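What the coordinates show
One-letter residues, chain by chain:
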Amino acid sequence: MQNLAPALGIYVSIPFCRAKCSYCNFASGVYGADRMAAYVEKLTAQIRQAPERAAAWGGQLPTRVDSLYFGGGTPSLLSVSQLNDIVKVINEVFSVDASAEVTLECAPGQLRDELLRAMPGLGFNRVSLGVQSFVDHEASAVGRTHTRTITLNEIERLRDSGIDDINVDLIAGLPHQTRQSWRDSLAQAIATGVPHLSVYMLDVDEDSRLGREIIAGGTRYGVGMVPNEQTIAEMYTEAVEQFCAAGITQYEISNFARAGRRSRHNLKYWTRQPYLGFGLDAHSFLSTAAGEAIRVATSDDLTAYLDPSISDDDRGTITPVSRAEALEEAWFLGLRLNDGVSLTDITREFGESAIQAFQPILNDACQQGLMEYDEHRARLTHQGRLFANDVFQKFLGVVNSGAPLIQPQGVFA
Ligand code: SF4
């Protein structure tokens, strides 16, 4: 039976870090206690107003929540009392399942004893660790302050406190990384026994310090030691193979899990389930009563976000998603998953023409070895995952919607 009231996922953006990583282009930074306190106050007020704001957007807001994700930034930098304030107001406004997946992003070595002890009481049952590399000089070259020893110790502390649902983020393509050092990081990640791993191929953004240094032709941040695209692609392929051999199955372009340990929260982004984002540079997706949807993005400017003279709706963007755009999204978001897109579901939701319109693209991508499909499902091949954005662009062109590619939140921090 179709579930007419899917549960909501909530993302809470905490854009504060102890140091800025050289490759990072997120709306995050190093700020003092005053700014953090003002931010939490603003955030909790926004959460309280969520039902009214969603109604004003025309969005249907489920009250039941089955996933909460505190990302950033480094949300573990907030005090226990600040995290408690946020969790408390969420529970006042929404009905959070007792079995909800509740994730806190942490930087290894920055999880205080006090917070670790308080986490179960706050409801946190999952931690995502921004490790990026187990090789110390690679981590320090991009501004990470942890070492392999610190990370392994952090995983043990989490397990000792009863949290074993742990994700480790890794990046392929860091400055100084080699095929051999990457193998070392992969082997160590597998050896930790964590149930979930994420691997991102470094895509240097011009808004990061590393990107600006490359454009300026400089030498700082290990610019000359960034592996080339071909090597990064080979590193990614090696991760897929090594994890698969260790029983950690790829389920999305960047995500891998042991049996039964996929991230409920992240899956919402790719299956177009409703989610609500609070805070800086947060994104929301809600259905509307008319059977369409809206996407809402908040400002990525902290000063504007905190400015009481600017109305909340002037700080971000509200974008209606038409049926045609929804169809494109169903394709390019669903194709991120290794399970691919169910052709039956697409037909049921959008009609027979939804497959026919994309048939030439499917055939073309199959001929190029980027996709495969049968009468039930269409999916990317491994080669297709390496060039996923190119494939997704083909699906965007069909109805010429110009709909933005939505970057999943809560990853890669
Ligand atoms: S990568 Fe993560 S920890 Fe590093 S500066 Fe960006 S948000 Fe902060």
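In this text the structure is predicted, and so the values were computed from the model without any measurement.

Parameters and conventions
- Residues numbered from 1 in each chain as written.
- Predicted model: local features only at pLDDT ≥ 70, side-chain atom pairs only at ≥ 80, totals over all residues.
- Heavy atoms only, no water.
- Helix = DSSP H or I, 4+ residues; strand = E, 2+ residues; numbered from the N terminus.
- Rg over C-alpha atoms; globule rule 2.2 N^0.38 Å.
- Buried < 20%, exposed > 50% of the residue type's maximum accessible area, 1.4 Å probe, protein only.
- Areas by Shrake-Rupley, 256 points an atom, 1.4 Å probe, with all protein chains shown as cover.
- Lys, Arg positive; Asp, Glu negative; His and termini not counted.
- Charge placed at Lys NZ, Arg CZ, Asp CG, Glu CD.
- Polar contact = N/O pair within 3.5 Å; in protein donor to acceptor, adjacent residues only side chain to side chain.
- Contact = heavy atoms within 4.5 Å.
- Expected span 1.5 Å × (residues − 1).
- Salt bridge = Lys/Arg side-chain N within 4 Å of Asp/Glu carboxyl O.
- Pairing = 2+ DSSP bridges.
- Right-handed = clockwise from strand over helix to strand, strands pointing away.
- Domains from an automatic or database assignment.
- Buried area = accessible area lost by both parts, 1.4 Å probe.
- Phe/Tyr/Trp six-rings, centres within 6.5 Å; stacked < 30°, edge-to-face > 60°.
- Lys NZ or Arg CZ within 6 Å of the ring centre and 35° of its normal.

Along the backbone of the protein chain there are 17 helices and 15 strands. In terms of overall size, the protein chain behaves like a compact globule, its C-alpha atoms giving a radius of gyration of 21 Å where 413 residues would be expected to give roughly 22 Å. By its C-alpha atoms, the protein chain is 55 × 50 × 45 Å across when sized along the principal axes. When the 413 residues of the protein chain are sorted by exposure, 55% land in the buried category. Within the structure as shown, the protein chain displays about 17,300 Å² of accessible surface, and the carbon and sulfur contribution to it stands at 50%. Here the protein chain contributes 35 positively and 50 negatively charged side chains, and the mean placements of these two sets differ by 4 Å.

Attention now goes to the side chain of Ser 13. Structurally, Ser 13 can be placed in strand E1 (residues 8-14). There is a polar contact of 2.7 Å between the side chain of Ser 13 and the backbone oxygen of Leu 280. What Ser 13 contacts, discounting residues up to four positions off in sequence, is Tyr 39, Gly 71, Phe 278, Gly 279, Leu 280 and Ala 282.

Before going further, it helps to spend a moment on helix H3 (residues 80-93). The first and last C-alpha atoms of H3 sit 20 Å apart over 14 residues, in line with the 20 Å expected at 1.5 Å per residue. Every buried residue of H3 is accounted for by Val 80, Gln 82, Leu 83, Ile 86, Val 87, Val 89 and Ile 90. Tucked into the core, H3 has its buried residues touching E1, helix H1 (33-48), strand E2 (64-72), strand E3 (95-106) and helix H4 (113-122).

Turning our attention to the pattern of salt bridges. The full count for this structure, using the stated rule, is 19 salt bridges. Among the salt bridges present, the one from Glu 234 reaches Arg 179, with a minimum N-O distance of 2.6 Å. Taken as a pair, Glu 234 in helix H9 (residues 229-245) and Arg 179 in helix H7 (residues 179-192) lie far apart in primary sequence, 55 residues in all. The shortest N-O distance in the salt bridge between Glu 329 and Arg 272 comes to 3.0 Å. Taken together, the residues Glu 329 in helix H12 (residues 323-334) and Arg 272 in the loop between helix H10 (264-270) and strand E9 (275-278) connect sequence positions 57 residues apart.

If a strand is regular, its side chains alternate between the two faces of the sheet. With eight of nine residues buried, E2 lies mostly within the body of the structure. As paired elements, E1 and E2 share seven bridges and run parallel to each other. Residue pairing across strands places Ile 14 opposite Gly 72, the latter belonging to E2. With six bridges connecting them, E2 and E3 associate as parallel partners. Note that in E3 the partner of Phe 70 across the bridge is Leu 104. Note that the unit made of E2, H3 and E3 has a crossover that is right-handed.

To continue, consider the sheet that holds strand E15 (residues 377-380). By way of backbone hydrogen bonds, the strands of a sheet pair with one another, either parallel or antiparallel. A sheet is described by the order of its strands in space; here three strands give the open sequence E13-E15-E14, paired in antiparallel fashion. Lying at the two open borders of the sheet, with one neighbouring strand each, are strand E13 (341-342) and strand E14 (371-373). In the sheet, E14 pairs with E15 via three bridges, with the strands oriented antiparallel. In the strand pairing of E15, Tyr 373 is matched with Ala 378.

The next point concerns the domain arrangement of the protein chain. Parsing the protein chain into structural domains produces domain 1 (8-269) and domain 2 (323-400). Just the C-alpha atoms count here: the centres of domain 1 and domain 2 sit 29 Å apart. Across the boundary between the two partners, domain 1 contributes 13 residues, which contact 11 residues of domain 2. At the boundary of domain 1 with domain 2, total buried surface from both sides reaches about 940 Å², with 56% on carbon and sulfur atoms. Seen at the junction of domain 1 and domain 2, the total is two salt bridges. Where Glu 252 meets Arg 336, a salt bridge forms, and the shortest distance between an N and an O atom there is 2.6 Å.

This paragraph deals with helix H6 (residues 148-160). Its 13 residues place the ends of H6 18 Å apart at the C-alpha level, agreeing with the 18 Å of an ideal helix rising 1.5 Å per residue. In this fold, the buried residues of H6 make contact with H4, strand E4 (126-132), strand E5 (166-172) and H7. Positive phi shows up at Gly 162, right after H6, with a value of about 95°.

Moving on, we come to the packing of aromatic side chains. For the coordinates displayed, the defined rule picks out 12 aromatic pairs. Centroid distance Phe 16 to Tyr 31: 5.8 Å. Interplanar angle 80°. Geometry classified as edge-to-face. Pair noted here: Phe 16 is in the loop between E1 and H1 and Tyr 31 is in the loop between E1 and H1, with a separation of 15 residues, a long-range link. Under the relative-accessibility criterion, Phe 16 is labelled buried at 1%. Measuring from ring centre to ring centre gives 5.1 Å for Phe 243 and Phe 256, while their planes differ by 75°; the resulting arrangement is edge-to-face. Residue Phe 243 is located in helix H9, and its partner Phe 256 is located in strand E8 (residues 255-257); the two are separated by 13 residues in the primary sequence. Just as Phe 243 is buried, Phe 256 falls in that class too. Positioned above the aromatic ring of Tyr 305 is the side chain of Lys 42, whose terminal nitrogen or guanidinium carbon lies 6.0 Å from the ring centre.

For the rest of this paragraph, the subject is the environment of Tyr 236. Take Tyr 236: it is sitting in helix H9. As a C-alpha pair, Tyr 236 and Met 201 span 35 residues in sequence and 6.8 Å in three-dimensional space. Ignoring sequence-local partners within four residues, the contact set of Tyr 236 consists of Trp 182, Val 199, Met 201, Gln 250, Ile 253, His 382, Arg 385 and Leu 386.

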